[in-house]
Amino acid sequence: QRLNTLQTDGLVLNAGGSGATTTSAYLVQWGKGKVHMAYPKGSPNVGVTHEDKGVVTVSRATTGSPETSQFEAYRDWFKIDGGLVVHDPRCVARIANIATTGTSNLIDIDLIIDALTRMPNEGAGAVLYCNQKVKAQFWKQMKDKLNVFLSLDDLFGTKTKILNILGCPIRRIDQIGNTETAIS
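Residues numbered from 1 in each chain as written. Predicted model: local features only at pLDDT ≥ 70, side-chain atom pairs only at ≥ 80, totals over all residues. Heavy atoms only, no water.

**With respect to the environment of Asn-97**
Put simply, the test is: Elements are defined by DSSP. Helices are runs of H or I of four residues or more, strands are runs of E of two residues or more, and each kind is numbered from the N terminus. The contact rule is simple, with two residues in contact once any of their heavy atoms fall within 4.5 Å.
Assignment of secondary structure puts Asn-97 in strand β7 (residues 92-99). Other than its neighbours up to four places away in sequence, Asn-97 contacts Leu-6, Asn-14, Ala-15, Gly-16, Gly-17, Thr-22, Thr-23, Ser-24, Asn-105, Ala-182 and Ile-183.

Shown next, in the form of C-alpha cells:
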C-alpha cells in the first residue's frame with residue numbers, strides 16, 4: 001500500500017484530523033516520465049472492450065400498487081484492461097487526515113503548496129483529486145476575498161469554469177471516502 005504513513009519531508013502531509021472521520025486529497029502530476037495510464041500493446045481500442053447487450057425488460061419492486069413495475073433498459077458490458085504507471089514517486093502526493101466534521105483540521109492550502117513545490121517543476125500539470133466534503137471546504141475558502149490561491153478559470157479553453165488552486169484543477173472523486181482512519 002502506498003502513501004499510508006505521514007512523511008514530514010515527503011509527499012504524505014498531515015492536515016491534523018484524528019479518529020475515523022477523516023479523508024484525503026491526492027495530487028497527481030500527469031505526464032511522460034511522471035504518472036500515466038497504460039494499456040495492452042497493440043490494443044485497437046486502448047484497452048476498452050464494449051459489448052452491446054441490447055434492450056431488456058427490467059422489473060422493480062414498488063411500495064405502491066402495482067407491487068412491481070417494468071421498464072425497458074439498455075444493457076452494456078464494458079471491460080477495461082489497463083493500469084497506472086508511476087515513473088517518478090515524487091509525482092503523487094497525499095494530503096491525509098482532513099477532518100470531514102467540525103471546523104478545524106480542514107483542507108489547508110499551505111499543505112497543497114508544500115506538496116506542489118516538492119514535485120518536479122513545482123507540480124506543473126498536476127491535478128488535485130478530492131471528494132465532495134473537501135471540495136465544499138475549498139468553495140467556502142474561496143468566498144474569502146483575501147484568498148488569492150483559489151480561482152474559477154477556463155483552464156482548457158472550453159468556456160467551462162473549473163475550480164483550481166494556483167492553476168491546478170480540483171476534481172471531485174466521490175469514491176474517496178469520509179471515514180478513513182487517521183494515519184500517523
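**Quick notes on the nonpolar core**
As a reminder of what qualifies: Throughout, nonpolar core names a set of buried Ala, Val, Leu, Ile, Met, Phe, Trp, Tyr and Cys residues whose side chains join them through atoms within 4.5 Å. Exposed residues in this analysis have more than 50% of their type's maximum accessible area, buried residues have under 20%, and partly exposed residues fall in between, with area computed by a 1.4 Å probe over protein chains only.
Judged by nonpolar contacts, the single largest core of 25 residues is most densely connected at Leu-27, Ile-95, Ile-107, Ile-112, Leu-128, Phe-138 and Ile-170. Among the elements of the structure, β2 (22-29), β7, α1 (109-118), β8 (126-130), α2 (132-142), β10 (162-165) and β11 (168-172) are those that each provide at least two residues to this core. The greatest single-element share of this core, amounting to 5 residues, is contributed by α1. Setting aside residues no more than four positions away along its own chain, Ile-170 makes contact with Leu-128, Cys-130, Lys-135, Phe-138, Leu-150, Leu-163, Asn-164 and Ile-165.

**Some words on α1**
The α-helix winds at 3.6 residues per turn, so residues separated by three or four positions along the chain end up facing the same way. Heads up, the rule is: The arc in question is traced by the directions running from the helix axis to the C-beta atoms. Whenever two N or O atoms come within 3.5 Å, that pair is a polar contact, provided that in protein one can donate a hydrogen and the other can accept it, and provided that, for residues adjacent in sequence, both atoms are side-chain atoms.
Within the span of α1, buried status applies to Ile-109, Leu-111, Ile-112, Ala-115 and Leu-116. Viewed end-on, α1 has its buried residues packed into an arc of 155 degrees, placing them on one side of the element. Measuring from the backbone nitrogen of Asp-110 back to the side-chain oxygen at the start of α1 gives 2.9 Å, which picks out Asp-108 as the cap.

**Considerations on the state of the cysteines**
Spelled out, the test is: Count a disulfide wherever a pair of cysteine sulfur atoms falls within 2.5 Å.
Enumeration according to the criterion identifies 0 disulfides in this entry. This cysteine, Cys-168, is not joined by any disulfide, and Cys-130 carries the nearest cysteine sulfur, 10 Å off. A relative accessible area of 3% places Cys-168 in the buried class.

**Let's talk about unusual backbone geometry**
If you check the backbone angles, Asn-105 has positive phi at about 60 degrees while not being a glycine. Considering the arrangement of structural elements, one finds Asn-105 in the loop between β7 and α1. The class of Asn-105 is partly exposed, set by a relative accessible area of 33%. Its identity is not glycine, yet Leu-166 carries a phi of approximately 55 degrees, on the positive side. By the element assignment, Leu-166 lies in the loop between β10 and β11. Given a relative accessible area of 48%, Leu-166 falls into the partly exposed group.

**Focus on a nonpolar patch on the surface**
The following threshold applies: The residues that make up patches have over 30% relative accessible area and no salt bridge, and they are joined within 9 Å when like-charged or within 5 Å when they are Val, Leu, Ile, Met, Phe, Trp or Tyr. Computed by Shrake-Rupley with a 1.4 Å probe, the accessible areas treat only the displayed protein chains as cover when residues are assessed. By definition here, a salt bridge exists when the distance from a side-chain nitrogen of Lys or Arg to a carboxyl oxygen of Asp or Glu is within 4 Å.
Together, Trp-30, Met-37 and Leu-84 make up a nonpolar patch on the protein surface, roughly 310 Å² of accessible area in all. You can see Leu-84 is positioned in strand β6 (residues 83-86).

**Points about the pattern of salt bridges**
A complete count under the given rule lists 4 salt bridges for this structure. Between Glu-51 and Lys-53 there is a salt bridge, with its nearest N and O atoms 3.3 Å apart. By relative accessible area, Glu-51 is classed as partly exposed at 37%. The partner of Arg-90 in a salt bridge is Asp-88, with the nearest N and O atoms 2.6 Å apart. Looking at Arg-90, the relative accessible area reads 43%, which means it is partly exposed. The exposure class assigned to Asp-88 is buried, which follows from its relative accessible area of 14%.

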